Amino acid sequence: MYDFKPAAPLDTEALYRELLAAAEALTADEPDGVANMANVAALLWEFLPDLNWAGFYRVAPAKGGGTDELVLGPFVGRPACIRIPFGRGVCGAAAQQGATQLVADVHAFPGHIACDAASASELVVPVLRDGAVVAVIDLDSPSPSRFTAEDAAGIEALAALLAERV
Ligand code: SME
């Protein structure tokens, strides 16, 4: 049985190839977005070394039905801030710009939201459906400069795979 863990050690390219294959296998026949985000958060945690947080924020109305903001979704890691307005922090920047944020040093990022004091670097990738941001994938690491352009490309491919599944 395929146990949804990398056959370590793998180089980064092979790691993302296996991660995407596992995400495809787990989400292909499942219409429930929460279930899919939960399993993909677990996969990110299993596959990618040196993380302290991996998961999703979804675009949803503010409390009381106001403008859309980011609302915490399935994740692995410490409890995190629940609501993030567009434009705030690394996640809010990704949602507002519809663009990947690769942050080598979170302490140098204006408005960074420190959910876990251990976080040193971060990668946030928007999930786009029909050109609109519907969620973001957020990865945090305790190591500075943990994420590379290869990680960004791998997570962008994952976001594209999940566009209709979250
Ligand atoms: N650091 C993020 C907030 C989310 S936590 O990292 C889980 C940010 O600045 O948007």
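Residues numbered from 1 in each chain as written. Predicted model: local features only at pLDDT ≥ 70, side-chain atom pairs only at ≥ 80, totals over all residues. Heavy atoms only, no water.

Chemist: How should the overall build of the chain be read in this particular structure?
Modeler: Within the chain one finds four helices and six strands. Each helix and strand of the chain, placed in order from N terminus to C terminus, yields the pattern α-α-β-β-β-α-β-β-β-α. For the chain, whose C-alpha radius of gyration is 15 Å, the value lies close to the compact-globule estimate of 15 Å for 166 residues. Each principal axis of the C-alpha atoms in the chain carries an extent, and together these give about 45 × 35 × 25 Å. Residue burial in the chain is summarised as follows: out of 166 residues, 45% are buried. Within the chain, residue pairs in contact and separated by at least 24 positions form 52% of the contacts whose partners lie at least 6 positions apart. Of the roughly 7,800 Å² of accessible surface on the chain, 55% is carried by carbon and sulfur atoms. Computing the positive centroid from 10 side-chain charges and the negative centroid from 22, the chain places the two 7 Å apart. (Helix = DSSP H or I, 4+ residues; strand = E, 2+ residues; numbered from the N terminus. Rg over C-alpha atoms; globule rule 2.2 N^0.38 Å. Buried < 20%, exposed > 50% of the residue type's maximum accessible area, 1.4 Å probe, protein only. Contact = heavy atoms within 4.5 Å. Areas by Shrake-Rupley, 256 points an atom, 1.4 Å probe, with all protein chains shown as cover. Lys, Arg positive; Asp, Glu negative; His and termini not counted. Charge placed at Lys NZ, Arg CZ, Asp CG, Glu CD.)

Chemist: Got a minute to help me understand the site of the ligand in this structure?
Modeler: Around the ligand, the surrounding shell holds 13 residues, and the nearest of these are Val90, Cys91, Ile113, Glu122 and Asp140. Residue His112 places a side-chain N or O atom 3.4 Å away from a nitrogen atom belonging to the ligand. Within the backbone of Ile113, a nitrogen or oxygen atom sits 2.7 Å from a nitrogen atom of the ligand. Taken by itself the ligand offers 300 Å² of open surface, and the protein chains cover 100% of this. At the level of elements, strand 1 (53-61), helix 3 (89-97) and strand 6 (132-141) are the ones that each hand at least two residues to the shell around the ligand. Per-element tally for the shell around the ligand: the top contributor is helix 3, with three residues. Counted by class, the shell around the ligand contains eight nonpolar, two polar and three charged residues. (Near = heavy atom within 4 Å. Polar contact = N/O pair within 3.5 Å; in protein donor to acceptor, adjacent residues only side chain to side chain. Nonpolar A, V, L, I, M, F, W, Y, C, P; charged D, E, K, R; others polar.)

Chemist: How should the packing of helix 1 (residues 12-27) against helix 2 (residues 33-47) be read in this particular structure?
Modeler: Helices that pack against each other are described as a pair by the angle of their axes relative to one another and the distance between those axes. Interaxial distance between helix 1 and helix 2 falls to 10 Å at its minimum, and their mutual angle equals 155°. The orientation of helix 1 with respect to helix 2, classified from their angle, is roughly antiparallel. Crossing of helix 1 over helix 2 shows right-handed handedness. Across the interface between the two elements, Leu15, Glu18, Leu19, Ala22, Ala23, Leu26 and Thr27 of helix 1 pack against Asn36, Asn39, Val40, Leu43, Leu44 and Phe47 of helix 2. (Axes fitted to C-alpha atoms, helices over the stretch in contact; angles between N-to-C directions. Parallel < 35°, antiparallel > 145°, perpendicular 65-115°, else oblique. Left-handed = near helix turned anticlockwise from the far one by under 90°.)

Chemist: Where do I start with the packing of aromatic side chains in this structure?
Modeler: Here the distance between the centres and the angle between the planes together describe a pair of aromatic rings. In the structure shown here, the tally under the stated rule is two aromatic pairs. Measuring from centroid to centroid gives 5.9 Å for Trp53 and Tyr57, while their planes differ by 25°, and the two rings are stacked. The class for Trp53 is buried, based on a relative accessible area of 4%. Judged by relative accessible area, which is 1%, Tyr57 ranks as buried. With 5.0 Å between their ring centres and 15° between their planes, Trp53 and Phe75 make a pair best called stacked. With Trp53 in strand 1 and Phe75 in strand 2 (residues 68-77), this pair connects stretches of sequence that are 22 residues apart. One aromatic cluster in this structure is built from Trp53, Tyr57 and Phe75. (Phe/Tyr/Trp six-rings, centres within 6.5 Å; stacked < 30°, edge-to-face > 60°.)

Chemist: Help me out: how do you make sense of the packing of helix 1 against helix 4 (residues 149-162) in this one?
Modeler: At a closest axis distance of 10 Å, the pairing of helix 1 and helix 4 adopts a crossing angle of 15°. Between helix 1 and helix 4, the crossing angle belongs to the class labelled roughly parallel. Between helix 1 and helix 4 lies a crossing of right-handed hand. Only Glu150, Asp151, Gly154, Ile155, Ala157, Leu158, Leu161 and Leu162 of helix 4 make contact with helix 1, whose side of the interface consists of Thr12, Glu13, Tyr16, Leu20, Ala23, Glu24 and Thr27. Along the lines of polarity and charge, the residues of the contact of helix 1 with helix 4 split into eight nonpolar, three polar and four charged.

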